[in-house]
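Results of the structural survey
What follows is the residue order along each chain.
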Amino acid sequence: MPGRHLNLPYFIKGEVVKGFGRGSKDLGCPTANFPEDVIHKLPEDLNTGVYFGFAQVDKGEVHKMVMSVGWNPFYNNTKKSMETHILHKFESDFYGKELRVVILQYLRPEKNFSSLEELVKAIDDDIKEAKLALDKQDFALYKTNEFFS
């Protein structure tokens, strides 16, 4: 079954690095990006696509997140990326800070879009679905996981 992963939940931590600079500007959806060494350590069975879970910056508060893992076909990337959109408004960038995430569930495969508007709508839908799912008890308990303390 696509989207079924033996390795979920999957816990990741790494330094936030500069990405492609499109999240905030093009999509209105700022993302925190992991460096290549973290991406290369992903399990083989972690399909590309969109996931949700929880995230924490520098041992701060734990927030809901959605994450894109893959090649971003709309932008024709040549490098695989992990772009985490934390569902919280931060006052400033946090490049160089430690990002911890727990990936809990697969939402959908990555795909190409015919327009920027179509991509933005898909991101909005992903966020709505993630917010609802992460309120459910079996996911919500990860917000207080010892990984974040």
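Residues numbered from 1 in each chain as written. Predicted model: local features only at pLDDT ≥ 70, side-chain atom pairs only at ≥ 80, totals over all residues. Heavy atoms only, no water.

Turning to the sheet that holds strand β4 (residues 62-70), a few remarks are in order. With respect to topology, six strands assemble into an open sheet ordered β1-β6-β3-β4-β5-β2, the strand pairing being antiparallel. Each edge of the open sheet is held by one strand with a lone partner, namely β1 (10-15) and β2 (32-33). In terms of strand pairing, β4 meets strand β5 (residues 81-86) through six bridges, oriented antiparallel. Across the sheet, Val 66 pairs through a bridge with His 85, a residue of β5. (Pairing = 2+ DSSP bridges. Helix = DSSP H or I, 4+ residues; strand = E, 2+ residues; numbered from the N terminus.)

So, about the pairing of strand β3 (residues 49-57). The side chains of a regular strand alternate, first on one face of the sheet and then on the other. The element β3 is extensively covered by neighbouring structure, given that nine of its nine residues are classed as buried. Bridging between β3 and β4 involves eight bridges; their strand directions are antiparallel. Counterpart to Gln 56 in the pairing with β4 is Val 62. From the end of β3 to the start of β4, which pair antiparallel, there are four residues, and Asp 58 there has a positive phi angle of about 45°. Sheet analysis places β3 next to strand β6 (residues 98-108), joined by eight bridges and oriented antiparallel. (Buried < 20%, exposed > 50% of the residue type's maximum accessible area, 1.4 Å probe, protein only.)

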